Amino acid sequence: MSSGSYFPSKVRYVEIPKKGKGVRRLSIPTVTDRIAQMVVKLMLEPKIDRHFHPDSYGYRPNKSALDAVSVCRKRCWKYPWAINLDIKAFFDNVSHELLCKALERHITEPWEMLYIKRWLNTCEEKRGVPQGGVISPLLANLFLHYTFDKWVQKFHPHNPFERYADDIIVHCKTRIEAIKLEFEIKQRLNACGLEMHPEKTQIVFCKNSNLQGAYKQQSFDFLGYCFRPRRTKSAEGKLFVGFTPAISPSSAKAIRRKIREWRLGDKTQLSLEEIARKINPCLRGWINYFGEHNHSILMNVFRYLETRLFKYIKRKYKKRCNHLRRAKQWLVKVYEHQPALFVHWQYGRHPRV
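Here goes a summary of the coordinates provided. (Residues numbered from 1 in each chain as written. Predicted model: local features only at pLDDT ≥ 70, side-chain atom pairs only at ≥ 80, totals over all residues. Heavy atoms only, no water.)

### As for the overall build of the chain
Along the backbone of the chain there are eleven helices and nine strands. Reported as C-alpha extents along the three principal axes, the dimensions of the chain are approximately 70 × 55 × 30 Å. Restricting to contacts in the chain with at least 6 residues of sequence separation, those with at least 24 account for 65%. With an accessible surface of roughly 19000 Å², the chain has 51% of that area assigned to carbon and sulfur atoms. Averaging the locations of the 65 positively and 32 negatively charged side chains of the chain gives two centres separated by 9 Å. (Helix = DSSP H or I, 4+ residues; strand = E, 2+ residues; numbered from the N terminus. Contact = heavy atoms within 4.5 Å. Areas by Shrake-Rupley, 256 points an atom, 1.4 Å probe, with all protein chains shown as cover. Lys, Arg positive; Asp, Glu negative; His and termini not counted. Charge placed at Lys NZ, Arg CZ, Asp CG, Glu CD.)

Encoded structure:
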């Protein structure tokens, strides 16, 4: 690599379905290219990351999506209005020219720029950042750092935001301020070769007990969570309406789809303990992420898991548990003897007759 004789191979393109409609096109580099990209990333990241905005959370050391969700939750109480910003096909429309200008501010080794340009040139459209590459998240963050973060910090310092890659929430004091800022952000993105999604970008009223008024849009999805007005209990035990996050309907639907794909009813050759060992890592991951806020709503999603376990029990023990009631009773007895068998049982979602 230091001699300049390394040339990246052509990437393999794979289409994966998005949560909504359409597909996302990933570029899969070879093992050699992944190693080469990691070498450059490890050298560049310490120099670039320290310049990033503190409210940029995506693909950064010691920052996570849950950090962004927690900060967003606090700010939705302080700011009545929010802009849920969506950039249309962001990774496919990054300007190579502008990205290279941003890189020139931080790169000191000529060979680093040489190879980044070669990786960018593997894109079929001669623009965009290949999704799936090791260095792609760093390049995307750098582009939005100058395109969005620095611009907001300079021209709208009183409007805080949370950005995780190209998922962005901007907070405003009034609706008029939100409309004006949305228009200015649209112009800024257009000037940098990007386009704001006209349908997915929304201005949202963060309604709670202290904010009176009506607006058609009172919820938004951010990083798998749905923010909307919900009944909340205070530390003193009083109920009030708070604008809080919980697992989004689309995320809950994806979890149920995954549980259905396990086909537990057909796994009668396995014991219940073996099934628990197989699915517990997945359950633990869901609980660790979606259980951070309003975990009781996530626990309700696991009702569907119980129905699949009842189906498994009825098929495996046909003589003893040939009815739903008997299957429930059998699973309750298992819980009484092994309360830690399934991860979600330890968080309050256990079987009941």
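And the narrative resumes.
### Quick word on the packing of helix H5 (residues 136-155) against helix H6 (residues 175-191)
Between H5 and H6, the least distance of the axes is 10 Å, while the angle of their chain directions is 145°. The hand of the H5/H6 crossing is right-handed. Only Glu 184, Ile 185, Arg 188 and Leu 189 of H6 make contact with H5, whose side of the interface consists of Tyr 146, Thr 147, Phe 148 and Trp 151. Here the residues of the contact of H5 with H6 sort into five nonpolar, one polar and two charged. (Axes fitted to C-alpha atoms, helices over the stretch in contact; angles between N-to-C directions. Left-handed = near helix turned anticlockwise from the far one by under 90°. Nonpolar A, V, L, I, M, F, W, Y, C, P; charged D, E, K, R; others polar.)

### Some points on the nonpolar core
If you look at the biggest cluster of nonpolar residues, it comprises 55 residues, and the most contacted ones within it are Phe 220, Phe 227, Leu 272, Leu 283 and Phe 342. Sorting elements by how many residues they give to this core places helix H8 (residues 272-290) first, with eight residues. Here Phe 342 is in contact with Leu 272, Ile 275, Ala 276, Ile 279, Asn 280, Leu 283 and Leu 309, once residues within four sequence places are set aside. One finds Ala 36, Trp 151, Cys 172 and Ile 203 within the second-largest nonpolar core, a separate group that totals 49 residues. (Core = buried A, V, L, I, M, F, W, Y, C linked by side-chain atoms within 4.5 Å. Buried < 20%, exposed > 50% of the residue type's maximum accessible area, 1.4 Å probe, protein only.)

### Comments concerning the sheet that holds strand E8 (residues 225-233)
Two modes of strand pairing occur in sheets, parallel and antiparallel, and in both the strands are linked by backbone hydrogen bonds. With antiparallel pairing, the three strands of this open sheet are ordered in space as E7-E8-E9. Single-partner strands in this sheet number two, and they are strand E7 (220-222) and strand E9 (239-247). Direction aside, the axes of adjacent strands within the sheet are offset by 50° on average. The sheet contact formed by E7 and E8 spans three bridges and is antiparallel. (Pairing = 2+ DSSP bridges.)

### Regarding H6
Because an α-helix packs 3.6 residues into every turn, residues spaced three or four apart end up facing the same way. The end-to-end C-alpha separation of H6 is 25 Å, in line with the 24 Å expected for 17 residues at 1.5 Å each. Within the span of H6, buried status applies to Ala 178, Leu 181, Glu 182, Ile 185 and Leu 189. Down the axis, H6 shows its buried residues gathered within 110° of arc, on one side only. Along H6, exposed side chains directed more than 90 degrees from the buried face belong to Ile 176, Lys 180, Phe 183 and Ala 191. Elements that come into contact with the buried residues of H6 comprise strand E3 (81-86), H5, strand E5 (167-172) and strand E6 (202-205). (Expected span 1.5 Å × (residues − 1). Arc of directions from axis to C-beta.)

### Considerations on unusual backbone geometry
A negative phi holds for most residues other than glycine; trans holds for most peptide bonds. With phi around 60°, Ala 165 is a residue other than glycine that occupies positive phi space. Assessed through its relative accessible area of 8%, Ala 165 is described here as buried. Backbone geometry at Asn 294 places phi at a positive 50°, although glycine is not the residue there. For Asn 294, the position within the fold is in the loop between H8 and helix H9 (295-301). The exposure class of Asn 294 is partly exposed, given its relative accessible area of 32%.

### A word on the environment of Val 31
Here Val 31 lies in helix H1 (residues 31-49). When its relative accessible area of 63% is taken as the criterion, Val 31 is described as exposed. For Val 31 and His 337, which are 306 residues apart along the polypeptide, the C-alpha to C-alpha distance reads 48 Å.

### What to know about the pattern of salt bridges
On inspection of all chains with the given rule, the structure shows nine salt bridges. Here Glu 45 ties to Lys 41 by a salt bridge, and the two come within 3.3 Å at their closest N and O atoms. Of this pair, Glu 45 and Lys 41 both sit in helix H1, four residues apart, which is roughly one turn of that helix. In terms of burial, Glu 45 and Lys 41 fall into one category: buried. Notably, a salt bridge pairs Glu 97 with Lys 101, separated by 4.0 Å at the nearest N-O pair. Pair noted here: Glu 97 and Lys 101 are both in helix H3 (residues 96-104), with a separation of four residues, about one helical turn. Relative accessible area serves as the criterion here: at 47%, Lys 101 is assigned to the partly exposed category. Within this structure, Asp 55, Arg 75 and Glu 162 form a network of salt bridges that share partners. (Salt bridge = Lys/Arg side-chain N within 4 Å of Asp/Glu carboxyl O.)

### Concerning the side chain of His 96
Tracing the sequence through the fold places His 96 in helix H3. Here the side chain of His 96 touches Gly 128 through a polar contact of 2.8 Å, landing on its backbone oxygen. (Polar contact = N/O pair within 3.5 Å; in protein donor to acceptor, adjacent residues only side chain to side chain.)

### What about a positive patch on the surface?
Taken together, Arg 73, Lys 74, Lys 78 and Lys 173 make up a surface patch of like positive charges. Mapped onto the secondary structure, Lys 74 falls in helix H2 (residues 65-78). Residue class for Lys 74 comes out exposed when judged on its relative accessible area of 55%. (Patch = residues over 30% accessible without salt bridge, like charges linked within 9 Å, V, L, I, M, F, W, Y side chains within 5 Å.)

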